[in-house]
Amino acid sequence: MPRKRSNKYIWCINGIPEESLLHKNTAMKRRAVSIKWGLVSRFYSPDLVITVSKRMSVYVSSKISQVKTISIPLNVDLDRFQMKRNVERIFYTYSGSGAPWQNLEQLSEVWGSLNQLDPSIRFRVISRDSRARVLGSKVPKEAIEFVGTSDLDELAGYLEQAEFGFLIRQDSLVNRVSFPTKLSEYLASGAWVVSSDIDWDVADLIKKHSVGILVPPSWSSDQIATRILESRTDFIDKERLEKRLTNALKELSKVYWLEEGRKQLLESNIFLK
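S.K.: Outline the pattern of salt bridges, listing residues and values.
M.R.: In total, this model carries 15 salt bridges according to the counting rule given. Ionic pairing is found between Lys 84 and Glu 160, a salt bridge with its closest N-O pair at 3.0 Å. Pair noted here: Lys 84 is in the loop between β3 (68-71) and β4 (91-95) and Glu 160 is in the loop between α4 (152-159) and β7 (162-167), with a separation of 76 residues, a long-range link. You can call Glu 160 buried: its relative accessible area is 16%. Lys 208 is the salt-bridge partner of Glu 251, the closest N and O atoms lying 2.7 Å from each other. Taken together, the positions of Glu 251 in the loop between α9 (238-249) and α10 (254-267) and Lys 208 in helix α7 (residues 201-209) put the pair 43 residues apart, joining distant regions of the chain. The class for Glu 251 is partly exposed, based on a relative accessible area of 26%. With relative accessibility at 57%, the residue Lys 208 sits in the exposed group. Here the residues in one salt-bridge network are Arg 55, Asp 199, Asp 201 and Asp 204, joined through shared partners.

S.K.: Just give me the short version of the sheet that holds strand β6 (residues 144-147), but keep the residues and values in it.
M.R.: One open sheet accounts for 6 strands, arranged β6-β5-β4-β7-β8-β9; its pairing is parallel. Looking at the sheet topology across the chains shown, the edges are occupied by β6 and β9 (212-215). Each neighbouring strand pair of the sheet contributes to a mean axis angle of 20°, computed without reference to strand direction. In terms of strand pairing, strand β8 (residues 192-196) meets β9 through 4 bridges, oriented parallel. Within the sheet, the bridge partner assigned to Ser 195 lies in β9 and is Leu 214. α4 contacts β4, β5 (122-126), β6 and β7 of the sheet and is inclined by roughly 165° relative to β5. Strands β7, β8 and β9 of the sheet are contacted by α7, whose axis makes an angle of about 135° with β9.

S.K.: Outline the pairing of strand β2 (residues 48-51), listing residues and values.
M.R.: Burial of β2 is two-sided: the residues Leu 48 and Ile 50 facing one way and the residues Val 49 and Thr 51 facing the other way are all buried. Where strand β1 (residues 10-12) lies against β2, 3 bridges are found, and the strand directions are parallel. Bridging across to β2, Cys 12 finds its partner in Ile 50. You can see the chain leave β1, run along helix α1 (residues 27-43) and come back into β2, and the turn it takes is right-handed. Sheet topology places β2 next to β3; 4 bridges connect them, and they run parallel. Looking across to β3, one finds that Thr 51 is bridged to Ser 71. With respect to chirality, the unit in which β2 leads through helix α2 (residues 54-63) into the neighbouring parallel β3 is right-handed.

S.K.: Please give an account of the packing of aromatic side chains that cites residues and values.
M.R.: Tallied over the full model, the rule gives 9 aromatic pairs. Here Trp 111 and Phe 123 contribute two aromatic rings whose centre-to-centre distance is 4.7 Å and whose plane-to-plane angle is 25°, an arrangement assigned as stacked. One end of the pair, Trp 111, is in helix α3 (residues 104-117); the other, Phe 123, is in strand β5, and 12 residues separate them in sequence. A single burial state applies to Trp 111 and to Phe 123, both of which are buried. Relative to Trp 192, the ring of Phe 164 has its centre 4.4 Å away and its plane inclined at 40°; by these criteria the two rings are tilted.

S.K.: Any chance you could break down the packing of helix α6 (residues 181-188) against α9 for me, citing the residues and the numbers?
M.R.: Viewed as axis vectors pointing N to C, α6 and α9 meet at an angle of 140°, and their least axial separation amounts to 9 Å. Taken together, the axes of α6 and α9 are oblique relative to one another. For the crossing formed where α6 meets α9, the hand is left-handed. On α9, the residues touching Ser 184, Leu 187 and Ala 188 of α6 are Leu 245, Ala 248 and Leu 249. Class assignment of the residues belonging to the contact of α6 with α9 gives a composition of 5 nonpolar, 1 polar and no charged.

S.K.: Summarise the nonpolar core; cite the residues concerned and give the values.
M.R.: Counting residues in each nonpolar core, the largest one holds 70 residues, and the members touching the most others are Leu 107, Trp 111, Leu 114, Phe 166, Leu 187 and Ile 228. With 5 residues, α3 is the single largest residue contributor to this core. Residues in contact with Phe 166, not counting those within four places in the same chain, are Tyr 92, Thr 93, Tyr 94, Leu 107, Trp 111, Leu 114, Lys 182, Tyr 186, Val 194 and Ile 228. Core analysis: the next-biggest nonpolar cluster, separate from the first, contains 6 residues, Ile 50, Ile 70, Ile 72 and Trp 257 among them.

The rules behind the values
- Residues numbered from 1 in each chain as written.
- Predicted model: local features only at pLDDT ≥ 70, side-chain atom pairs only at ≥ 80, totals over all residues.
- Heavy atoms only, no water.
- Salt bridge = Lys/Arg side-chain N within 4 Å of Asp/Glu carboxyl O.
- Helix = DSSP H or I, 4+ residues; strand = E, 2+ residues; numbered from the N terminus.
- Buried < 20%, exposed > 50% of the residue type's maximum accessible area, 1.4 Å probe, protein only.
- Pairing = 2+ DSSP bridges.
- Axes fitted to C-alpha atoms, helices over the stretch in contact; angles between N-to-C directions.
- Contact = heavy atoms within 4.5 Å.
- Right-handed = clockwise from strand over helix to strand, strands pointing away.
- Phe/Tyr/Trp six-rings, centres within 6.5 Å; stacked < 30°, edge-to-face > 60°.
- Parallel < 35°, antiparallel > 145°, perpendicular 65-115°, else oblique.
- Left-handed = near helix turned anticlockwise from the far one by under 90°.
- Nonpolar A, V, L, I, M, F, W, Y, C, P; charged D, E, K, R; others polar.
- Core = buried A, V, L, I, M, F, W, Y, C linked by side-chain atoms within 4.5 Å.

Here it is, written out as structure tokens:
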């Protein structure tokens, strides 16, 4: 049983221990993950856990008995990331790290197929992670550019030129419970999204607001590339797309979640015990 205490403990979780298995999946690593969850449940159980997705909350609840959870997606500052008109959107864009769960090997294959179908396409990678350079392995050097920044204003400037952004993931536990920051940043910048159609909150939002396309993780790179090019006509009407994006961003705004998060925290009643 968790030890009794007078203080209240609130944990904020944006990733789960199982991420380590994507770096090295061995029996010892799997045992270590199991031990971590066991220790949390037995000795360090929090009073409230704030997660980044509804599915992460469900998973955490399955590991830590009788814990309250609140789901707050990784949201975006709409004063910094904006949908600017009269900006030429010329890049198929990836923003993020080269971590294993990003599935960049498959994305590089998709970009190779896109280049074969339409050599005029230009690609941009926004990353300071050298592992992300794999995205240039299947396309000519002149068709892709790599930029990196830790400055959020610069990142917003790069994303202004994105026609759409990529979230191609494998169907794994780590991905199903995640909610990547880049989704909110893509949408806030006026870009639609190409996402894997797995059981995650990302797919729910895209379906609800029609702000991108979902592709099965089992599809080949050629199938995905063909679907992307066929779908571009669905997003030609910029005024209609802007309305969809605006509706989606009502659920992803930093300002909204500052108020909604405060409300949910008070409603949790953990401070009344």
